Amino acid sequence: MGAANSEIKSGSPLTSNFLVPPLKIHLSRDCLLASGLSRLWIAGRTLKEKFQTTQPFSSEGEKTTERPLPQYISLFLPEFPLWQPVGQQELKILGCVAKGSLGPVLKVLDCTEQKIFALKVLPKVEILRRNTLKQCKEEVSIQRQVKHPFIQCLGNSWQGQQHLFIMCSYCSFGDLYSLWTSSKRIDEDTLRIFAAELITVLAYLHDLGIVHRDVKMENILLDERGHLKLSDFGLAKHLSFGERTYTICGTLQYMAPEVLSGGPYSHAADWWSLGVLLFVLSTGEFPVSPEKDHMGMLESVNQATYDVPTCLSQGLSHLLKELLCKVPKQRLRYLHQFKSHRFFRGIAFDPLLLQKCPVEFVMMMRKAEITDLPASDIFEDFDCELTGNVHFPCPA
Ligand SMILES: Nc1ncnc2c1ncn2[C@@H]1O[C@H](COP(=O)(O)OP(=O)(O)OP(=O)(O)O)[C@@H](O)[C@H]1O
């Protein structure tokens, strides 16, 4: 779940894990009990925001007699149901995966299904403060629309009084960023599979009229077989073919020159970001150093020559140059262009066949167990008041 529509993101996520004693959230239709979370939240700081109740009004401004909903909740309906749609369910918090930009990503066990999930917990007050409500709804609407083997699909999502909860399958191998930090360079055979997987995903999204706008290592998760899952549709937008958009958003070092300059830009911007990502994975370095704002970044990008180290194969070197082409219309951007590209000779751009390719490199690198973040880092600024009916057990 991402940043504001106009927000520029930079920096890296915290990707280490930790283990805390299992904590439980009990979810039922009528109330949500957060016994374990509350212990942590009480130990930490509690947000002071109180609900304001408002009278719902008709389009003519007349008051209705319906029971008022707390303002926060009415703002988030109907995209987020008030309880988990599957009914009675118990989630056990196993750890914390990362500090997202808005709130933590938790690792939880669904005790009914005996399955592990990732749960994003987003404070509504932050969403409103950053003016990202519209973008949040767009994210959930897009994630409900997409279904692809290399996309991190949305599970259940629901809301409490102060938080949104978004659940999805847990990717035990973490993200590409953590793989990159531990290996720095990725061999060309592995890179070929990764690139083909991401190309099938981007082509799929663009065909659906969706531009992702935040393709970067941190937003690409690895499943237990070493294949990729594109995640974080926090900046994604519905954009039909031929349409243009203008919002300056994304993560500075991955942003195409036409995005940095304030548009107009279109789906080609995602292919530039893919070029940056493949450059980093294959050379170990970003093509251009980070700058403090988009103007500085634009200047650097305009001056950069994007020279590719001679140690890379010619096929890869051409691919990078053709993706990092500053003129969007001349940039590689159609699936058929990739299919006939020499770097991809022998590769089938079929998600099901790609999924069968072994990714030895990832399996080797990810053998070492990822460790979770310390609970205190995550819960310090967090409350557990999921609904008005939360039961707070006395801390031992
Ligand atoms: N399903 C998942 N399985 C495992 N790890 C996950 C999952 N979802 C997210 N993460 C981890 O949490 C990090 C942050 O998640 P995500 O990018 O979705 O949140 P965010 O709030 O949008 O963060 P940011 O804005 O910093 O990108 C990811 O980089 C990844 O390391």
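See the structure printed just above.
Note that the structure is a prediction, hence the values are computed from the model and not measured. (Residues numbered from 1 in each chain as written. Predicted model: local features only at pLDDT ≥ 70, side-chain atom pairs only at ≥ 80, totals over all residues. Heavy atoms only, no water.)

1. A word on the side chain of Glu258
- Examined against the element boundaries, Glu258 turns out to sit in helix α7 (residues 257-260).
- Residues contacting Glu258, with those up to four places away along its chain left out, are Gly263, Pro264, Tyr265, Ala268, Ala269, Lys326, Pro328 and Arg331. (Helix = DSSP H or I, 4+ residues; strand = E, 2+ residues; numbered from the N terminus. Contact = heavy atoms within 4.5 Å.)

2. Comments concerning the environment of Val280
- Take Val280: it is sitting in helix α8 (residues 268-283).
- On the basis of relative accessibility, which here comes to 0%, the residue Val280 falls in the buried class.
- In the structure, Val280 is positioned 63 residues away from Met217 in sequence and 9.2 Å away in space, judged by C-alpha atoms.
- Apart from the residues lying within four places of it in its own chain, the contact partners of Val280 are Trp180, Lys184, Met217, Glu285, Phe286 and Pro287. (Buried < 20%, exposed > 50% of the residue type's maximum accessible area, 1.4 Å probe, protein only.)

3. What to know about the packing of aromatic side chains
- What the rule picks out here adds up to eight aromatic pairs.
- Ring geometry for Trp158 and Phe165: centres 5.4 Å apart, planes at 15 degrees, overall stacked.
- Seen in terms of ring centroids, Trp180 and Phe286 are 6.1 Å apart; in terms of plane orientation they differ by 80 degrees. Their pairing is edge-to-face. In this pair, Trp180 sits in helix α5 (residues 176-183) while Phe286 sits in the loop between α8 and α9 (294-303), placing the two residues 106 residues apart along the sequence.
- For Trp180, a relative accessible area of 6% gives the class buried.
- Relative accessible area serves as the criterion here: at 23%, Phe286 is assigned to the partly exposed category.
- The rings of Tyr177, Trp180, Tyr254 and Phe286 are connected pair by pair, giving a single aromatic cluster.
- Over the aromatic face of Trp180 sits the side chain of Lys184, whose NZ or CZ is 3.5 Å from the ring centroid.
- The ring of Phe343 has Arg192 sitting right over it, with the charged end atom 4.5 Å from the ring centre. (Phe/Tyr/Trp six-rings, centres within 6.5 Å; stacked < 30°, edge-to-face > 60°. Lys NZ or Arg CZ within 6 Å of the ring centre and 35° of its normal.)

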